[in-house]
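# Examination of the molecular architecture
Below are the chains, spelled out letter by letter.
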Amino acid sequence: MVGQVEDLTPQDVAQGIAEGRYLLVDVREPNEVAAEAYPDAVVVPLSGFDPKLIPDPAGKQVVFACRSGKRSVTASQAAQAAGLAYNKHLAGGILGWKAAGLPTKSGH
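Everything numeric in this text was worked out from a predicted model, so none of it was measured.

What counts and how
Residues numbered from 1 in each chain as written. Predicted model: local features only at pLDDT ≥ 70, side-chain atom pairs only at ≥ 80, totals over all residues. Heavy atoms only, no water. Helix = DSSP H or I, 4+ residues; strand = E, 2+ residues; numbered from the N terminus. Rg over C-alpha atoms; globule rule 2.2 N^0.38 Å. Buried < 20%, exposed > 50% of the residue type's maximum accessible area, 1.4 Å probe, protein only. Lys, Arg positive; Asp, Glu negative; His and termini not counted. Charge placed at Lys NZ, Arg CZ, Asp CG, Glu CD. Salt bridge = Lys/Arg side-chain N within 4 Å of Asp/Glu carboxyl O. UniProt positions renumbered as here; feature names shortened; annotations may be inferred. Pairing = 2+ DSSP bridges. Axes fitted to C-alpha atoms, helices over the stretch in contact; angles between N-to-C directions. Contact = heavy atoms within 4.5 Å.

Per the secondary structure count, the protein chain includes 4 helices and 5 strands. Whereas a compact globule of 108 residues would reach a radius of gyration of roughly 13 Å, the protein chain reaches 12 Å, a difference of no more than 12%. Residues counted as buried form 39% of the 108 residues belonging to the protein chain. Here the protein chain carries 10 positive and 11 negative side-chain charges, and the mean point of each set is 3 Å from the other.

In C-alpha cells:
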C-alpha cells in the first residue's frame, strides 16, 4: 500500500539540505530545469520516472520537488509503490521555494 506523503516547508528542506539530511530530487522536465533549477537537486523527470534512477541517498532522506507540489507527490507515491520509503516532498514546489526567498540557479 502506498502511504501518505509528508509536506515539508521550503525552510525545512533548505535546512535539511544544508545539514546534509536531505537529498532533493527534482522531478520537473529538463526544459523546466534548464530555465530555473534548485541549487542542490538531482533531476529525475517524472515523464520517465523510475525510482531506480534516484542516486543512493547514502543515509539522507529523499525529498521530491517540482514546480508547485503536485508532481512531487506523484513521484513519492510511485517510489513508495516500488518499495522505497521516500515519503517526503517540498510543499509548494519551486514557486514556494522562491516565495520563501530561497535561491535558485539558472539551468545548464
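There's more to say after this.
This part is about the pattern of salt bridges. What the rule picks out here adds up to 6 salt bridges. The shortest N-O distance in the salt bridge between K88 and E6 comes to 3.3 Å. In this pair, K88 sits in strand β5 (residues 88-90) while E6 sits in strand β1 (residues 6-8), placing the two residues 82 residues apart along the sequence. Residue class for E6 comes out partly exposed when judged on its relative accessible area of 37%. For E36, the salt bridge is made with K98, and the minimal N-O distance between the two is 2.8 Å. One end of the pair, E36, is in the loop between α2 (30-35) and β3 (41-43); the other, K98, is in helix α4 (residues 93-99), with 62 residues separating them in the sequence.

The subject of this paragraph is the UniProt feature "domain: Rhodanese" (unreviewed entry) in the protein chain. Under the UniProt annotation, "domain: Rhodanese" (unreviewed entry) lies at residues 18-106. Spanning residues 18-106, this segment combines 28% helix with 18% strand, and its end C-alpha atoms are found 20 Å apart.

Looking now at the sheet that holds strand β2 (residues 22-26). Strand order in this open sheet of 5 strands is β1-β5-β4-β2-β3, and the pairing throughout is parallel. Only two strands of the sheet have a single neighbouring strand rather than two, namely β1 and β3. If you compare each strand with its neighbour and ignore which way they point, the axes differ by 35° on average. Both β2 and strand β4 (residues 61-65) contribute to a ladder of 5 bridges, which runs parallel. Opposite D26, over in β4, you have A65 as the bridge partner. The sheet contacts of helix α1 (residues 10-18) involve β1, β2, β4 and β5, and relative to β2 the element is tilted by about 120°. Running at roughly 140° to β4, helix α3 (residues 71-81) makes contact with β4 and β5 of the sheet.

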